[in-house]
Amino acid sequence: MSENAIAIRNVNKVFNTGEREVIALRDITLDIPKGQFVCLLGPSGCGKSTLLNAVAGFALPSSGSIVANGRTVTEPGPDRGMVFQEYALFPWMTVEKNIAFGMEIKGASAADITHTVDAMLDKLGLTDFRHRFPKDLSGGMRQRVAIARVLALDSPVMLMDEPFGALDALTRRTLQDELLRIWAESHKTVIFVTHSIEEAVYLADRIVVMTYRPGTVKRDMLVDLPRLRDPSSAGFNALKRELAALVMEEQNRYQQAELTAAVD
């Protein structure tokens, strides 16, 4: 287990809505080696974000265990940095203050904070925006700040919950390439939630396809394609078709469940 960044064992998650219990996750077991880029893929309602939040320590499993970097997850921690779809920046802080915030909480020295913030601003092309506030930035620039804030903490694991889902196609591809460059340089472990099949194939070493609720592992596959990947290549599109068939099975189950619920 020491070679794994994350070890998930028999994880179940049940939510009590007051009227009934909803089984969000059922018997999830996964080993994620250090340095691997894993995408969790599936339709809405399959438990992707629930599983990610459990790894982050925001929503602990109802049963089972999660070990991150050799320690059982019982709460959020600086060893697991989280990037959300909605940026989660402090609107009253400038770009550089947002990036520095986590380091200040950890008690880093002023010199270390200055050095790290400058490095992150340069790495993510934010130097000219260091004194701007989030309201003055585009969605893509805000997400760069959110990624820079996690990188500044130097967390060995990065958890990303559809971080590019709200961006236009060009900005999305630019940030995907930026993320791959950072990942290749840093050797961090990445768990990335997405509902985009193309995004998963473009980014991941490994794709875990999840079933519609209750969320289980439908297919766990390694992506044997060279980097950088060409979305127009035959191999890329063959894998997209295979994944699309798997995901559509679950999407159809989701739509049928919604229709049944509406009739009831």
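Below is a short write-up of the structure. (Residues numbered from 1 in each chain as written. Predicted model: local features only at pLDDT ≥ 70, side-chain atom pairs only at ≥ 80, totals over all residues. Heavy atoms only, no water.)

Counted by the stated rule, this structure contains two cavities of 30 Å³ or more. A volume near 40 Å³ is recorded for the largest cavity. Lining the largest cavity are Ile8, Leu30, Ile32, Leu40, Leu51, Leu52, Val55 and Ile191. Here the lining of the largest cavity gets three residues from one element, more than from any other, and that element is helix H1 (residues 48-56). Residues of the lining of the largest cavity, tallied by class, amount to eight nonpolar, no polar and no charged. A volume near 30 Å³ is recorded for the second largest cavity. Taken together, Met82, Val83, Phe84, Tyr87, Ala88, Ala146, Arg149 and Val150 make up the lining of the second largest cavity. (1 Å grid on protein atoms, 1.4 Å probe; cavity = no way out; pocket = protein on both sides within 12 Å on 5 of 7 lines; lining within 4 Å. Points joined across faces, edges and corners; volume = space filled by probe spheres on them. Helix = DSSP H or I, 4+ residues; strand = E, 2+ residues; numbered from the N terminus. Nonpolar A, V, L, I, M, F, W, Y, C, P; charged D, E, K, R; others polar.)

Attention now goes to the packing of aromatic side chains. For the structure shown, the criterion picks out six aromatic pairs. With centroids separated by 5.6 Å and ring planes inclined at 85 degrees, the aromatic side chains of Phe37 and Trp183 adopt a geometry described as edge-to-face. Of this pair, Phe37 sits in strand E3 (residues 37-41) while Trp183 sits in helix H5 (residues 169-186), and the two are 146 residues apart along the sequence. Arranged with centres 6.0 Å apart and planes meeting at 35 degrees, the rings of Phe37 and Phe192 form a pair that is tilted. (Phe/Tyr/Trp six-rings, centres within 6.5 Å; stacked < 30°, edge-to-face > 60°.)

Here we come to the environment of Leu175. With respect to the secondary-structure elements, Leu175 resides in helix H5. As a C-alpha pair, Leu175 and Gln143 span 32 residues in sequence and 8.6 Å in three-dimensional space. Sequence-distant contacts of Leu175, that is, excluding residues within four places in its chain, are made with Gly140, Gln143, Arg144, Phe164 and Leu167. (Contact = heavy atoms within 4.5 Å.)

A few words on the layout of surface pockets. Considering only enclosed or pocket space, the largest pocket measures out at about 420 Å³ in volume. Lining the largest pocket are 18 residues, and of these Gly77, Arg80, Gly81, Met82 and Leu153 lie nearest its centre. Those elements giving two or more residues to the lining of the largest pocket turn out to be strand E6 (80-83), helix H2 (95-106) and helix H4 (139-152). For the lining of the largest pocket, the leading source of residues is H2, giving four residues. Looking at the lining of the largest pocket residue by residue, the classes come out as 12 nonpolar, three polar and three charged. Lining the second largest pocket we find Ala68, Asn69, Arg71, Thr72, Val73, Thr74, Glu75, Pro76, Gly77, Pro78, Asp79 and Arg80. Tallied by class, residues from the lining of the second largest pocket come to four nonpolar, four polar and four charged.

Spatially, six strands are ordered E6-E7-E8-E3-E9-E10 in an open sheet, and the strand pairing comes out mixed. Both edges of this open sheet fall to E6 and strand E10 (217-222), since each of them pairs with a single strand only. Taking the axes of each pair of neighbouring strands and ignoring which way they run, one obtains an average angle of 15 degrees across the sheet. With five bridges connecting them, E3 and strand E8 (residues 189-194) associate as parallel partners. When the bridges of E8 are listed, Val38 appears paired with Ile191. (Pairing = 2+ DSSP bridges. Axes fitted to C-alpha atoms, helices over the stretch in contact; angles between N-to-C directions.)

Moving on: unusual backbone geometry. Cis geometry is adopted by the peptide bond preceding Pro214, which originates at Arg213 and carries an omega value of 0 degrees. The omega torsion of the bond from Arg227 to Leu228 falls at -10 degrees, within 30 degrees of zero and hence cis. Mapped onto the fold, Leu228 is located in the loop between E10 and helix H7 (234-263). In this structure, Asp27 takes a positive phi of about 55 degrees despite not being glycine. Mapping Asp27 onto the fold places it in strand E2 (residues 21-33). You will see that Asn69, though not glycine, has its phi angle at about 55 degrees, which is positive. As for its position among the elements, Asn69 is in the loop between strand E4 (63-68) and strand E5 (71-72).

Packing of H2 against helix H3 (residues 110-123) brings their axes to within 10 Å, and their N-to-C directions diverge by 130 degrees. Here H2 lies oblique to H3, going by the angle between them. Handedness of the crossing formed by H2 with H3: right-handed. Contacts from Val95, Glu96, Ile99, Ala100, Met103 and Glu104 of H2 reach H3 at Asp112, Ile113, Thr116, Val117, Met120 and Leu121. Class assignment of the residues belonging to the contact of H2 with H3 gives a composition of eight nonpolar, one polar and three charged. (Parallel < 35°, antiparallel > 145°, perpendicular 65-115°, else oblique. Left-handed = near helix turned anticlockwise from the far one by under 90°.)

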